[in-house]
Amino acid sequence: MAQFLLRRLLGMFAVLFVVSLITFLLMHAIPGGPFSREKPLPEATIALLNEKYNLDAPIHIQYLDYVGDIIIPRVTYGRIPPSASEDYLINISLPAFMGDEAVLRWVNFGPTYGSRSRSVNDIFRESLPVSFQLGVAAMAVAMAVGIPLGTMAALKRNTIFDYAGMGVAVFGVSLPVIITAPVLQYLFGVQWKALPPTGWGEIRHMILPAFALGFVNSALIARLTRASLLQVMNEDYIRTARAKGLSERMVVIGHAVKNGIIPVVTILGPLFAVLVTGSFVVETFFGIPGMGRYFVTSIRGRDYPVIMGTILLFAAFISIANTIVDIVYAWLDPRIRYD
Amino acid sequence: MAVAEKQSFGSVVRIEHPVRGESLWMDSWRRLRRNKAALLGAFIILINILVAIFADSLAPKPFDRQVLADNNAAPLWVTQVFPTMIPRGETGGYITISEDYPLGADGLGRDLLSRIIYGSRVSLLVALVGPTFALALGLLVGLTAGYAGGWIDNLLMRIVDLMYAFPTLLLIILLMAFFRLGFENLQPGTFGYTINQIDRASGGLLFVFIGIGVTSWMNMARLVRGQVLSIREKEYIEAARSLGTSTGGIMFRHILPNILGPVIVAETLAIPQYISFEAFLSFIGLGVNPPTPSWGGMIAEGARGISSYPNQAIFPAIALFLIMFAFNFLGDGLRDALDPRMRGVD
């Protein structure tokens, strides 16, 4: 297990390294810089800004500096003035004998060019909790609708329940956020005034976006649950469980669902990552201050550190989610071993 | 099934009155025809194709004609469907009633119905060309990896893993920005300039296709590789090889036809995803170039005024839903019809 984790961790770093490299090269290949304006700034100003943000260095130096700021821990002494370029995510005060106000600082995603006083870490601190809440809520909707629907369809195979359930699922797969968001927002927010159409901060603000985001995924989960359960119900151990006299309820809950859920778990990991890192569409519609909008605005504005930060964050989320999925796998299915 | 088997022995046994055999494809077609939902899907797609082809004669107005005096106008029935849209004249009324626009007009006074009709072209083209790009790349990688094996397989599959780790939507946004801006202002005569001209001529669709293709081939590659791995050990492949068939011959004559079923199903089911990708790209303003209408772009425009003019977002959303729904149902039916495990059930 330890070896497996170590291997996965190394693999994750390799992936993140390549993802960061490709993103870095691609975004610098897009013409125009962060300070290109409709009405061009004076050249001297641009040169100064480029110097300030290290944009005049050769590209490979820029990349190494960027990666270094993230992965290499630094020890600083004394108070450092708050600055967008020197904002670390992890700050650990070291004992006094190590120096005057020595602080170990780690993980700096750099400044944003969009604002003089904000860093990418600030964006993470403000928007990530919002996107996280929305992601968890959407995930809850997706699972609460999808798993029972799929289970019902599988257990009542080829009955009206099955056809209705799978009909709903195909219907749901055809409803991406870009469709559900305006419809839900209009019906519940504007016409029936049951829920606030936009805004963020209270539970009631969360309901519409969570459904808009969760519904399409609940359909995916329902289909997968059904297919997987159908396969499991034909296994020998289900026959054994029935033969030893277990009630159908126990057979389904104790044996079938526990095994049938495994393929569903594989999709939950990446899905969770997608939901948490925010959906641009749903956040635009409902006026939610999450991560989603930065994906688009940063690329438009050539805000290099924000582009890198959001993509790396997302890729890390996917990798971590997949690793957790693998661990949960082993826990759900003792036949899977990692050695 | 029994019929088909009898015929395959025909060359040995020699049947006096050969029974007309049923190929697997005929078998599948028969099953598909019985699936009402799939037929409905195919029917909606067919209508959509006709609408897209005859958009010029069907659309009541040109999609880009602006009548600023009629901006946000709507016919009476729309205000009845959306009760919050109160016609001018009543208390708090703000909607200009105009029966000239069957579904209403947008913020620039352009006819919504005409724009939805023309918008079907974009969605359909994406539905047809998107899979072609993904299929070409996915088949190439999958066949090579599965057939060659060894380090080639290993390398290609690591690339696939890497692509999976990339957040698709972010990569596509990045790529689109790169295409849109990177190919601008190039010297005439260069390759990039030509590409950009083609993209302009297609209303910005070319780069949308490439963006979707580059980010969507991995599923296909994995599927094809898995299929090839399971098929290449089969006896008939060994037989073909011992007869001296070339590698290319084995791949295209023996392996490809046998994996076509799952490939078709997977691509049909992926089409709605491509359509929603395009809608998303147009939603964020990186899709087709205005004023070419795209349903995603129309939803984005309508989203800004959803509380005052819901029809401007909801009608294109319904159009988008219908086409996605149709492809999903057709794909679902195709899977049931082509899935080998279903064969012989009836």
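Residues numbered from 1 in each chain as written. Chains lettered and ligands numbered in written order. Predicted model: local features only at pLDDT ≥ 70, side-chain atom pairs only at ≥ 80, totals over all residues.

## Notes on the overall build of chain B
Check the secondary structure of chain B and you find 16 helices and zero strands. Dimensions of chain B, computed from C-alpha atoms along their principal axes, come out at roughly 85 × 55 × 35 Å. The 346 residues of chain B split such that 41% are buried. (Helix = DSSP H or I, 4+ residues; strand = E, 2+ residues; numbered from the N terminus. Buried ≥ 20, exposed ≤ 12 C-beta atoms within 10 Å, placed from the backbone.)

## Some points on the overall build of chain A
Looking only at helices and strands, chain A has 13 helices and three strands in total. Projecting the C-alpha coordinates of chain A onto the three principal axes gives extents of approximately 80 × 55 × 40 Å. Out of the 339 residues belonging to chain A, those deemed buried represent 37%. In chain A, the share of contacts with a sequence separation of at least 24, taken over all contacts with a separation of at least 6, comes to 71%. (Contact = placed C-beta atoms within 7 Å.)

## A closer look at the packing of helix α7 (residues 112-148) of chain B against helix α12 (residues 218-231) of chain B
Residue and element names in this part refer to chain B. Two elements in contact, α7 and α12, have axes whose closest approach is 7 Å; the angle formed by their N-to-C orientations is 35 degrees. Crossing handedness for the pair α7 and α12: right-handed. Across from Ala 134, Leu 135, Gly 138, Leu 139, Val 141, Gly 142, Leu 143, Ala 145, Gly 146 and Tyr 147 in α7, the residues of α12 making contact are Met 220, Ala 221, Leu 223, Val 224, Arg 225, Val 228 and Leu 229. Classifying every residue of the contact of α7 with α12 by side-chain character gives 13 nonpolar, three polar and one charged. (Axes fitted to C-alpha atoms, helices over the stretch in contact; angles between N-to-C directions. Left-handed = near helix turned anticlockwise from the far one by under 90°. Nonpolar A, V, L, I, M, F, W, Y, C, P; charged D, E, K, R; others polar.)

## Thoughts on the packing of helix α1 (residues 2-29) of chain A against helix α13 (residues 304-332) of chain A
Residue and element names in this part refer to chain A. Here α1 crosses α13 at 155 degrees, and the two axes come no closer than 10 Å. Considering their axes alone, α1 and α13 lie roughly antiparallel with respect to each other. The element α1 and its partner α13 pack so that their crossing is right-handed. Across from Arg 8, Met 12, Val 15, Leu 16, Val 19, Ser 20, Thr 23, Phe 24 and Met 27 in α1, the residues of α13 making contact are Tyr 304, Ile 307, Met 308, Ile 311, Leu 312, Ala 315, Ala 316, Ser 319 and Thr 323. (Parallel < 35°, antiparallel > 145°, perpendicular 65-115°, else oblique.)

## Some points on the interface of chain A and chain B
With 38 residues of chain A at the contact, the number on the chain B side is 36 residues. Sorting the residues of the side of chain A that touches chain B by element identifies α1, α5 (160-173), α6 (177-191), α11 (280-286), α12 (292-300) and α13 of chain A as the ones contributing at least two each. Examining the composition of the side of chain A that touches chain B, we find that eight residues originate from one element, α6(A), more than from any other. Of the residues that constitute the side of chain A that touches chain B, the class distribution is 30 nonpolar, eight polar and no charged.

## Concerning the sheet that holds strand β3 (residues 103-106) of chain A
Residues and elements named next belong to chain A. Spatially, the three strands line up as an open sheet ordered β1-β3-β2, and their pairing is antiparallel. Where the open sheet ends on each side, the last strands, each with one partner, are β1 (74-76) and β2 (90-93). Direction aside, the axes of adjacent strands within the sheet are offset by 25 degrees on average. (Pairing = 2+ DSSP bridges.)

## Notes on helix α7 (residues 203-233) of chain A
Under the 1.5 Å per step criterion, the end-to-end length of α7(A) is only 39 Å for 31 residues, more than 12% shorter than the ideal 45 Å. The axis of α7(A) is deflected most strongly, by about 35 degrees, at Gly214(A). (Expected span 1.5 Å × (residues − 1). Bend = angle between axes of the 7 residues up to and from the residue.)

## Brief notes about unusual backbone geometry
Backbone torsion omega between Pro290(B) and Pro291(B) reads 5 degrees, so that peptide bond is classified as cis. For Pro291(B), the position within the fold is in the loop between α14 (247-283) and α15 (295-304). At Asn54(A), a position not held by glycine, the phi torsion is positive, near 65 degrees. Following the sequence through the fold, Asn54(A) ends up in the loop between α2 (43-52) and α3 (59-71).

## A closer look at the confidence of the model for chain B
All names here are of chain B. Averaged over all residues, the pLDDT of chain B is 84; the fraction at 70 or higher stands at 91%. The least confident element of chain B is helix α1 (residues 2-8), whose mean pLDDT is 46; the most confident is helix α4 (residues 36-53), at 93. Predicted confidence for residues 342-346 stays below pLDDT 50, and this span has two contacts to residues more than four positions away or in other chains. On the interface metric, ipTM, the complex scores 0.84, and its pTM is 0.85. (pLDDT = per-residue confidence, 0-100.)

## Focus on the pairing of β3(A)
Residues and elements named next belong to chain A. Two elements, β1 and β3, share three bridges in a ladder whose sense is antiparallel. Counted as the bridge partner of Val 75 is Leu 104 from β3. Both β2 and β3 contribute to a ladder of four bridges, which runs antiparallel. Bridge assignment links Ile 90 to a residue of β3, and that residue is Trp 106.

## A word on the environment of Leu181(B)
One can find Leu181(B) in helix α9 (residues 168-182). For Leu181(B), a count of 15 C-beta atoms within 10 Å corresponds to the partly exposed category. Considering only alpha carbons, one finds Leu181(B) and Asn196(B), 15 residues apart in sequence, at a separation of 9.8 Å. When neighbours within four sequence positions are excluded, Leu181(B) is seen to be in contact with Ile30(A), Pro31(A) and Gly32(A).

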